[in-house]
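Descriptive structure summary
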Amino acid sequence: MSSATNGDSNTCSTSLCLQDDLSIHAAHISEVHNVPMRVLIRPIPSILEESKVLSLIETIQDEVKGNAVPPIDVLWITGRQGGNYYYSFGGCHRYEAYKRLKMENIPCKLFKSTVDDLRVYLGSSTPDLL
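Predicted model, so just to flag it, every value in this text is computed and none were measured.

Rules of the game
Residues numbered from 1 in each chain as written. Predicted model: local features only at pLDDT ≥ 70, side-chain atom pairs only at ≥ 80, totals over all residues. Heavy atoms only, no water. Core = buried A, V, L, I, M, F, W, Y, C linked by side-chain atoms within 4.5 Å. Buried < 20%, exposed > 50% of the residue type's maximum accessible area, 1.4 Å probe, protein only. Helix = DSSP H or I, 4+ residues; strand = E, 2+ residues; numbered from the N terminus. Contact = heavy atoms within 4.5 Å. Pairing = 2+ DSSP bridges. Salt bridge = Lys/Arg side-chain N within 4 Å of Asp/Glu carboxyl O. Axes fitted to C-alpha atoms, helices over the stretch in contact; angles between N-to-C directions. Parallel < 35°, antiparallel > 145°, perpendicular 65-115°, else oblique. Left-handed = near helix turned anticlockwise from the far one by under 90°. Nonpolar A, V, L, I, M, F, W, Y, C, P; charged D, E, K, R; others polar.

In this section: the nonpolar core. Leu-40, Ile-72, Val-74, Ile-106, Cys-108 and Leu-110 are the most contacted members of the largest nonpolar core, which has 17 residues in total. Listing elements by their share of this core, those giving two or more residues are helix H1 (50-61), strand E6 (72-78), helix H2 (92-100) and strand E8 (105-113). With 4 residues, H1 is the largest single contributor of residues to this core. Grouped together as the second largest cluster of nonpolar side chains are 9 residues, Ile-29, Phe-111, Leu-122 and Leu-129 included.

Structure follows, in structure tokens:
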């Protein structure tokens, strides 16, 4: 699928046009939750650009601009015995900025997923979620 950016800061393809602050996973979700940082599982190490993290820290701390930082997408998976698991794969720079600020919570869009969905990301490393 090819994509381009139109004059309105949107990313477009032949079948879909998204605002820059929306992801393909959570574009249909409007509800944002403040999720405790301690419950997020990030199984893939981040590769960060320090300048992006510092810029986000500055933006998050700004009372006017802070709300402009988009929430991260989180896979919400219920385990076999009812446990809740919250996996985050994207939003690396935002996550790091909130972590360095020692914030207890981070704005997230939760989308209900399954272990099969998680297996797409983790393959044979997918844990047995209880």
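There is more to say, and it comes next.
With that settled, consider H2. Of the positions making up H2, those classed as buried are Cys-92, His-93, Tyr-95, Glu-96, Ala-97 and Tyr-98. Check the buried side of H2 and you find it contacts strand E5 (40-41), H1 and E8. Count one or two residues on from H2 and you reach Lys-102, which has phi positive near 55°.

Another point: the pairing of E8. With 7 of 9 residues buried, E8 lies mostly within the body of the structure. Bridge analysis of strand E4 (residues 33-36) against E8 gives 4 bridges, and the strand direction is antiparallel. Looking across to E8, one finds that Pro-36 is bridged to Asn-105. By the bridge criterion, 6 bridges tie E6 to E8 in an arrangement that is parallel. Residue pairing across strands places Val-74 opposite Leu-110, the latter belonging to E8.

By the definition in use, this model includes 6 salt bridges. Residues Glu-49 and Lys-52 are paired through a salt bridge, measuring 3.7 Å at the closest nitrogen-oxygen approach. With a closest N to O distance of 3.9 Å, Lys-99 and Glu-96 form a salt bridge. Residue Lys-99 and its partner Glu-96 are both found in helix H2; the two are separated by 3 residues, about one turn of the helix. A cluster of three or more residues bridged by salt bridges with shared partners is formed by Glu-50, Glu-96, Lys-99 and Arg-100.

Ordered by their spatial adjacency, 5 strands build an open sheet running E4-E8-E6-E7-E5, and the pairing between neighbours is mixed. Each edge of the open sheet carries a strand with a single partner, namely E4 and E5. Helix-sheet contacts for H2 involve E5, E6 and E8, and the interaxial angle to E8 is about 140°. Here helix H3 (residues 115-122) sits on the sheet in contact with E6, strand E7 (84-87) and E8, set at roughly 130° to E6.

Here the focus is the packing of H1 against H2. Across the interface, H1 lies against H2 with an axial gap of 8 Å and an inter-helix angle of 60°. Accordingly, the angle class assigned to the pair H1 and H2 is oblique. The two elements H1 and H2 cross, and the hand of that crossing is right-handed. Residue-level inspection shows Glu-50, Lys-52, Val-53, Leu-54, Leu-56, Ile-57 and Ile-60 of H1 in contact with H2, the latter providing His-93, Arg-94, Glu-96, Ala-97, Tyr-98 and Arg-100. When the residues that make up the contact of H1 with H2 are grouped by side-chain class, the tally is 7 nonpolar, 1 polar and 5 charged.

Nothing here speaks to function; it is all geometry.
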